Amino acid sequence: MRRSPLVVLLVVAGLVAGATAAAASTPSFRKYVALGDSYTAGPLIPWQQLSWCFRSNNNYPSWLATRLGIYDTAGAFTDVSCSSADTSNMTQPQVTPSPSIPLSTQQPQFDALHADTDLVTIGIGGNDDSVFGDLTGTCPTLRADDPTGAPCQAHYTVDGVDTMAAAVQATGRNVAKVVQGVKDRSPAATIVLVGYPRLLPPTGTCPSVIPFADGDYAWADGIEQKLNVAIEEAAQSEGVHFVDTYGPSLGHDACAGRAAWVNGQSTNVFEAVAYHPFKAGMEAEAGLIAQELGVQGSAKAPAPKSKADPAQLARAAHLTGA
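Residues numbered from 1 in each chain as written. Predicted model: local features only at pLDDT ≥ 70, side-chain atom pairs only at ≥ 80, totals over all residues. Heavy atoms only, no water.

(A) Focus on the overall build of the protein chain. Secondary structure assignment for the protein chain yields nine helices and nine strands. Each of the 322 residues in the protein chain was classed as buried or not, and the buried ones make up 49%. Counting every atom, the protein chain has about 14,600 Å² of accessible surface; 55% of that belongs to carbon and sulfur. (Helix = DSSP H or I, 4+ residues; strand = E, 2+ residues; numbered from the N terminus. Buried < 20%, exposed > 50% of the residue type's maximum accessible area, 1.4 Å probe, protein only. Areas by Shrake-Rupley, 256 points an atom, 1.4 Å probe, with all protein chains shown as cover.)

(B) Examining the pattern of salt bridges more closely. Following the criterion strictly, the structure yields two salt bridges and no others. Ionic pairing is found between arginine 143 and aspartate 214, a salt bridge with its closest N-O pair at 3.4 Å. Pair noted here: arginine 143 is in the loop between helix 4 (131-142) and helix 5 (151-155) and aspartate 214 is in helix 7 (residues 214-238), with a separation of 71 residues, a long-range link. Classification of arginine 143 by relative accessible area gives partly exposed; the value is 21%. (Salt bridge = Lys/Arg side-chain N within 4 Å of Asp/Glu carboxyl O.)

(C) Fine view of the sheet that holds strand 5 (residues 119-123). What the five strands build is an open sheet, ordered 2-1-5-8-9; its pairing is parallel. Two strands lie at the open edges of the sheet, namely strand 2 (77-79) and strand 9 (241-243), each paired on one side alone. Looking at each pair of strands side by side, their axes are set apart by 15 degrees on average, direction ignored. Note that strand 5 and strand 8 (residues 190-194) share four bridges and pair parallel. Paired with threonine 121 across the strands is valine 192, a residue of strand 8. With respect to the sheet, helix 6 (residues 163-185) is in contact with strand 1 (32-36), strand 5 and strand 8, its orientation differing from that of strand 8 by roughly 160 degrees. Relative to strand 9, helix 7 is tilted by about 160 degrees, and along the sheet it contacts strand 8 and strand 9. (Pairing = 2+ DSSP bridges. Axes fitted to C-alpha atoms, helices over the stretch in contact; angles between N-to-C directions. Contact = heavy atoms within 4.5 Å.)

(D) Just the state of the cysteines, in detail. According to the stated counting rule, one finds three disulfides in the structure shown. The disulfide partner of cysteine 53 is cysteine 82, and the S-S distance across this bridge is 2.0 Å. Negative torsions about the S-S bond denote left-handed disulfides, and the value of about -90 degrees found for cysteine 53 with cysteine 82 makes this one left-handed. Of this pair, cysteine 53 sits in the loop between helix 2 (38-41) and helix 3 (60-68) while cysteine 82 sits in the loop between strand 2 and strand 3 (94-98), and the two are 29 residues apart along the sequence. Like cysteine 53, the residue cysteine 82 is buried in the burial classification. A sulfur-sulfur separation of 1.8 Å characterises the disulfide bridge that pairs cysteine 206 with cysteine 255. Looking along the S-S bond of the cysteine 206-cysteine 255 disulfide, the torsion reads about -65 degrees, which is the left-handed sense. Here cysteine 255 lies in the loop between strand 9 and helix 8 (279-293) and cysteine 206 lies in the loop between strand 8 and helix 7, a separation of 49 residues in the sequence. On the accessibility criterion, cysteine 206 (11% relative accessible area) is buried. In the protein chain, the cysteines engaged in disulfides, taken in order along the sequence, are linked 1-2, 3-4, 5-6. (Disulfide = S-S within 2.5 Å.)

(E) Broad picture of helix 8. Compared with an ideal rise of 1.5 Å per residue, which puts 15 residues at 21 Å, helix 8 spans 21 Å between its outermost C-alpha atoms and is within 8% of the ideal. For helix 8, every residue scored as buried is listed here: Gly281, Met282, Glu285, Ala286, Gly287, Leu288, Ile289, Ala290 and Leu293. Lining the buried residues of helix 8 we find helix 2, helix 3, strand 5, strand 8 and strand 9. (Expected span 1.5 Å × (residues − 1).)

(F) Broad picture of the nonpolar core. Core analysis: the biggest nonpolar cluster contains 52 residues, and Leu35, Ile122, Val182, Leu193, Ile210, Trp219 and Ile223 have the highest contact counts within it. Counting only elements with at least two residues in this core, the list comes to strand 1, strand 5, helix 4, helix 6, strand 8 and helix 7. Each residue touching isoleucine 223, except ones within four places of it in the same chain, is listed here: Val131, Leu135, Asp162, Met164, Ala165 and Val168. Within the second largest apolar cluster, 24 residues are counted, among which are Leu64, Phe77, Leu288 and Leu293. (Core = buried A, V, L, I, M, F, W, Y, C linked by side-chain atoms within 4.5 Å.)

(G) Local environment of helix 6. Between its first and last C-alpha, helix 6 extends 34 Å over 23 residues, near the 33 Å set by a 1.5 Å rise per residue. Regarding helix 6, the residues found buried are Met164, Ala165, Ala167, Val168, Thr171, Gly172, Val175, Ala176, Val178, Val179, Gly181 and Val182. Residues of helix 6 that are buried make contact with strand 1, strand 5, helix 4, strand 7 (161-162), strand 8 and helix 7. Two or three places before methionine 164, at the opening of helix 6, aspartate 162 has a side-chain oxygen 3.1 Å from that residue's backbone nitrogen. (Polar contact = N/O pair within 3.5 Å; in protein donor to acceptor, adjacent residues only side chain to side chain.)

(H) A look at the packing of helix 4 against helix 6. With their axes 10 Å apart at the nearest point, helix 4 and helix 6 run at an angle of 155 degrees to one another. Between helix 4 and helix 6, the angle is such that the two are roughly antiparallel. Of the residues in helix 6, those in contact with Val131, Asp134 and Leu135 of helix 4 are Met164, Ala167 and Val168. (Parallel < 35°, antiparallel > 145°, perpendicular 65-115°, else oblique.)

Take a look at the structure:
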């Protein structure tokens, strides 16, 4: 069938208008700031930056910045995430790599925020009240006392109160205050709270990878779920985005072998610190954030910046006991 020139012109005009509308609906960010702790920074994931924050060029903020097309644009992408940070380090300096090894001091992460910041991702809360450190540091030491029971849960239950669960509730309120602080400093920014990926499987155990007592698996997993719920509720109360990484990481817990997004108990200087994300987990999380934002950019691997060499990594791991 032959079409008249007018019909062809209208069809072409419709296609152009549709493409223009689609492009207009895709968000564009020019000033992105990433805030967070080690689950954002990516300790020992190659390539590490020259920083006692143990920040990787392959963490999820860097992968997201490449999707946004601003990773290599001067002044467009600022990542101040820092291992061991808690919500207080948004407004207070942080001694790094730890107070017991005071080799440097990081400025408050909020110092990176400005009035023209238009995107902020926040991955924080797991270190408040030392919840994450206590779980991964204490639970393995109690396994021998009762390998098939739940000695860690018993340890943190005082007068019938689960002190870990109570601490997580307080963390949710702290995270909400962080969001409020971001709004005050960058009122035009799109704000995204990022949850924590699952460490433990929903069923079964893998004591060679996660040396918790059998009964503590479900309890510790429940604490992480409560933490993610508290962060999500903070996002809802403040009217900002929340990205669930716990649900999508089903089948990618530390017990999942090559499919794991998170490392187990054994630190690998060239892959990840114990109980922390691998590169694969970071890349996947960036995809989830991009999906939440409606960003369609390709997942291009970030180029190394300020790269630490293997000798520096080994020294850093030795000094921090990693």
